[in-house]
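Structural overview for review
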Amino acid sequence: MINLKTPISQLTRVGKATANQLEKIGLKTIQDLIYHYPFRYDDYSKIFTIAKLKTQKSGTIKAKINLIANHRLVKKRMIITEAIVSDESDSIKIIWFNQGYLTKVLKSGQKIYLAGKVNYDDYYGIQMVNPSYEIPSRPGLIHTGRLVPIYSTTARLSQKQIRFLIRQTLILIQQTEDWLPRMIRAEHNLIGLSYALEQIHFPQNQDWLTKSSRRLKFDELLLIQLKNQLVRQKIKNRRAPQIKFKLKQTQNFVKSLPFKLTQAQKKSSWEIIKNLEKKYPMNRLLEGDVGSGKTVVAVIAILNTLLNHYQTAYMAPTEILSEQHFKTISKLLENFNFKIGLLTSGNSKINTKAKIKKAELLKKISTGDIQLIIGTHALIQEKIKFKNLGLAIVDEQHRFGIKQRAKLIQKSISTEQKNYSPHFLSLAATPIPRSVALTLYGDLDLSIIDEMPPGRKKVITKIIRPAKIKNTYQFVIKEIKKGRQAFIICPLIDPSDKLGVKSVKEEYKKLKEQIFPDFKIGLLHGRLKTKEKEKIMKDFAQNKIKILISTTVVEVGIDIPNASIMIIEGAERFGLAQLYQLRGRIGRSQDQSYCFLFLESEGEKTKKRLQALKTAQNGFELAEKDLELRGPGEIFGHKQSGFMTDLKIAKLSDLEIISLTQKTAQQIFNQSPNLEKYPSIKKKINQLSLTTHLE
Ligand code: ADP
Ligand code: MG
């Protein structure tokens, strides 16, 4: 007896080679097959007579083979199979390329179904090229004469093979138990699960396809929402230090800033302060465009935590960024005499100027002498012990995996107090539409900074064709002579050159010798020693270096207001979100900033994609565009793919179902917090591995 866990290799006609191919696309068990949904359908549902087909663009016919034979095209090393088929209305010529085996399968006199496109050729007349064929059989048609499912696959695994395999699972599909209670199904007009699964693969018609896809989307999204609720519940059951709001000192801090907080910064700060006062841990995402001023909001949270005599850990994705945060935050908190440490793999420092060895720094963290520790992954890799971590912050959180974030929290959970967690704050510049954030990060509370500090000019973005590059360099020279500075970003050209050292060095040489001989140019890439990087960034920040040539190591967070020009070479090699992040390095002062996107080629599609960068008013709009053009995986980066693989059919643009499932999940937990009233839902959730932000 086959069941859901049975390996596919036990189905009919699956040899070792096929099993290997199936594994390549992640299909090992029957269950995997069932949940391998088609990504589109070819509509061959209309069965025409041949005479009628000749007036159509595509369709299915049922015909008799009159003649079938192979020819070899020696020049093109190609085998062509030609057939003439007919029915009572007419006859038509069929051509297949490189499928010579067909003459063994199909014989003249045989009746077959053929589905495909109709070609009109001046010389050969009307013919069908490479149609699918199907020999009539009892269980009904799966390759022709219907909405034909098309699956993602490998080059060596045909659509026919996949369809054939999935048809063998239909018996099991029909026995699938429905985990959604009848009440919920009735309320939201959802069809039964087994029927939905059957129809998603082999739909009767468009109407049933729509119904089944709605049902399966609902399932996926509801499961995510249920998980989110579950995590929220778990968090409420944990204990965290209550951080009392220090009004006076916070006011003094805000007054000491060289600028006024924006409304959005105030609102977010307040949400965080309120959350820190709770007995259970905060689990919050602070979202805001690049340059919207998230750091200072985080510092307000840090300030209150330290004043309550708890420690804070602040993790950033790169050394450069960690160092910058170490400097800015030390400066911002100057008046409070806190001890602040920096820990990266190559560096350990303390703000009281004294040089410090790593071992000593670690000791000072464990005794609580150091109250705020800023650093890279080193914070989770090193043998750090905190005395009493009250707040963990992760900057540019999309650059970290779920596991890495979790590790930072777990670092601090002492063995005596298993139920204790620090408060947790994620900072993200990847703007995600609110509805999407509520799904993806539904286990997190959300604060949004949707307003830029005043006085910023919009960055002028230009797409530069190869012919215009010279003029652009001239313009850049003029701007630098006026006192400005420029970034030049190079893409990874040679894939073996992972850190981009080679590409950026070549570019450096060319620009230094030929284009900008009069200016001091710095070079930044991933293989430089920390000390060297630090020196270059420092020289750039102090305006000693005028032009910084770099790989994407400058991608996140760097803040150098006088740098108002950015050239991005090979811009088409970057995703929109990444370009947006890069461009965020400029436009940080009163001066007009310019971003030049150099193209290597002139594809229309590329231009259209990059155009979005010119027109989008803010990051949120761009995120929606990226979602539309490249799919969600691209926005959120691979790090988030753990989440995205939960979505096989639902899209983040399925707004109606997203909000429906969100409400449903809340109702379920309100009625029955431990899901006793919903045994089938409980069972389903228990079957899933609960990977969440917190575990
Ligand atoms: P991000 O949100 O990208 O992390 P930062 O926190 O680095 O942005 O802030 C970008 C720049 O804006 C910094 O130089 C910061 O000092 C400045 N800034 C932050 N808030 C304000 C404000 N309300 N008014 C003016 N400048 C601000
Ligand atoms: Mg930042």
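Here goes a summary of the coordinates provided. (Residues numbered from 1 in each chain as written. Chains lettered and ligands numbered in written order. Predicted model: local features only at pLDDT ≥ 70, side-chain atom pairs only at ≥ 80, totals over all residues. Heavy atoms only, no water.)

Glancing now at the site of ligand 1. Near ligand 1 lie 16 residues; those nearest to it are Lys260, Gly291, Thr295, Arg456 and Asp559. Within the contact set of ligand 1, a nitrogen atom lies 2.8 Å away from a backbone nitrogen or oxygen of Lys260. Classifying every residue of the shell around ligand 1 gives 4 nonpolar, 6 polar and 6 charged. (Near = heavy atom within 4 Å. Polar contact = N/O pair within 3.5 Å; in protein donor to acceptor, adjacent residues only side chain to side chain. Nonpolar A, V, L, I, M, F, W, Y, C, P; charged D, E, K, R; others polar.)

Bridge count for strand β12 (residues 340-344) against strand β13 (residues 347-350) is 4 bridges, and the pairing is antiparallel. Within the sheet, the bridge partner assigned to Leu342 lies in β13 and is Lys349. (Pairing = 2+ DSSP bridges. Helix = DSSP H or I, 4+ residues; strand = E, 2+ residues; numbered from the N terminus.)

This brings us to the packing of helix α9 (residues 206-236) against helix α26 (residues 655-671). One can describe the packing of α9 onto α26 by two numbers: an axis separation of 8 Å at closest approach and a directional angle of 45°. As the angle between them shows, α9 and α26 are arranged oblique. Judged by the sense of rotation from one axis to the other, the crossing of α9 with α26 is right-handed. On the side of α9, the interface is formed by Arg214, Lys217, Phe218, Leu221, Leu222, Gln225, Leu226, Gln229, Leu230 and Gln233, while α26 contributes Glu656, Ile657, Ile658, Leu660, Thr661, Gln662, Thr664, Ala665, Gln666, Ile668 and Phe669. (Axes fitted to C-alpha atoms, helices over the stretch in contact; angles between N-to-C directions. Parallel < 35°, antiparallel > 145°, perpendicular 65-115°, else oblique. Left-handed = near helix turned anticlockwise from the far one by under 90°. Contact = heavy atoms within 4.5 Å.)

So, about the sheet that holds β13. Strand order across the open sheet formed by 8 strands is β13-β12-β14-β11-β15-β16-β10-β17, with mixed pairing between neighbours. Single-partner strands in this sheet number two, and they are β13 and β17 (445-449). Along the sheet, successive strands turn relative to each other by an average axial angle of 15°, direction set aside. Pairing between strand β10 (residues 283-288) and strand β16 (residues 423-428): 5 bridges, direction parallel. Bridge assignment links Leu286 to a residue of β16, and that residue is Leu427. On top of the sheet, helix α13 (residues 319-332) reaches β11 (311-315), β12, β13 and β14 (372-375); it is set at about 175° to β12, its chief contact.

It is worth spelling out the packing of aromatic side chains at this point. Under the criterion given, the structure shown has 11 aromatic pairs. Centroid distance Tyr473 to Phe598: 5.8 Å. Interplanar angle 70°. Geometry classified as edge-to-face. One end of the pair, Tyr473, is in helix α18 (residues 469-481); the other, Phe598, is in strand β23 (residues 594-598), and 125 residues separate them in sequence. Assigned by exposure class, Tyr473 and Phe598 land together as buried. Plain terms: the ring middles of Phe475 and Phe596 are 5.8 Å apart, the flat faces sit at 80° to each other, and that makes the pair edge-to-face. Placement of the pair is Phe475 in helix α18 and Phe596 in strand β23, with a sequence separation of 121 residues. (Phe/Tyr/Trp six-rings, centres within 6.5 Å; stacked < 30°, edge-to-face > 60°. Buried < 20%, exposed > 50% of the residue type's maximum accessible area, 1.4 Å probe, protein only.)

Another aspect to go through is the side chain of Thr312. Turning to its location among the elements, Thr312 is positioned in strand β11. Classification of Thr312 by relative accessible area gives buried; the value is 0%. Not counting chain neighbours up to four residues away, the residues in contact with Thr312 comprise Ile302, Thr305, Leu306, Gln371, Leu372, Ile373, Leu389, Leu391 and Ile393.

In this structure the tally under the stated criterion is 0 disulfides. With no disulfide partner, Cys490 has as its closest neighbouring cysteine sulfur the one in Cys595, 14 Å distant. The buried category is assigned to Cys490, whose relative accessible area is 5%. (Disulfide = S-S within 2.5 Å.)

Tracing the backbone shows Phe669 in helix α26. Put simply, Phe669 and Gly15 are 654 residues apart on the chain and 47 Å apart in space, counted from C-alpha to C-alpha. Residues within four places of Phe669 in sequence aside, it is in contact with Leu226, Gln229, Leu230, Gln233 and Leu675.

Moving on to the pattern of salt bridges. Enumeration over the complete set of coordinates arrives at 21 salt bridges. As a salt-bridge pair, Arg284 and Glu271 come within 3.8 Å of each other at their nearest N and O atoms. Placement of Arg284 in strand β10 and of Glu271 in helix α11 (residues 263-276) is noted, with a sequence separation of 13 residues between them. Through salt bridges with shared partners, a single network forms among Asp178, Arg185, Arg215 and Asp219. (Salt bridge = Lys/Arg side-chain N within 4 Å of Asp/Glu carboxyl O.)

Phi is positive for His309, which is not a glycine, with a value near 65°. On the secondary structure map, His309 appears in the loop between α12 (294-307) and β11. Even without being glycine, Asn337 reaches a positive phi, approximately 55°. In this structure, Asn337 sits in the loop between α13 and β12. You can call Asn337 exposed: its relative accessible area is 70%.

Residues of helix α14 (residues 358-367) that are buried: Leu361, Leu362 and Ile365. The arc enclosing the buried residues of α14, seen along the axis, measures out at 100°, which places them on a common side. Exposed side of α14, more than 90 degrees from the buried face: Ala359 and Lys363 are the residues found there. Contact partners of the buried residues in α14: β11, β12, β13 and β14. Where α14 ends, the next residue or the one after it, Gly368, has phi of about 90°, a positive value. (Arc of directions from axis to C-beta.)

Examined against the element boundaries, Asn283 turns out to sit in strand β10. Residue Asn283 is classed as buried on the basis of its relative accessible area of 4%. There is a polar contact of 3.3 Å between the side chain of Asn283 and the backbone oxygen of Asp443.

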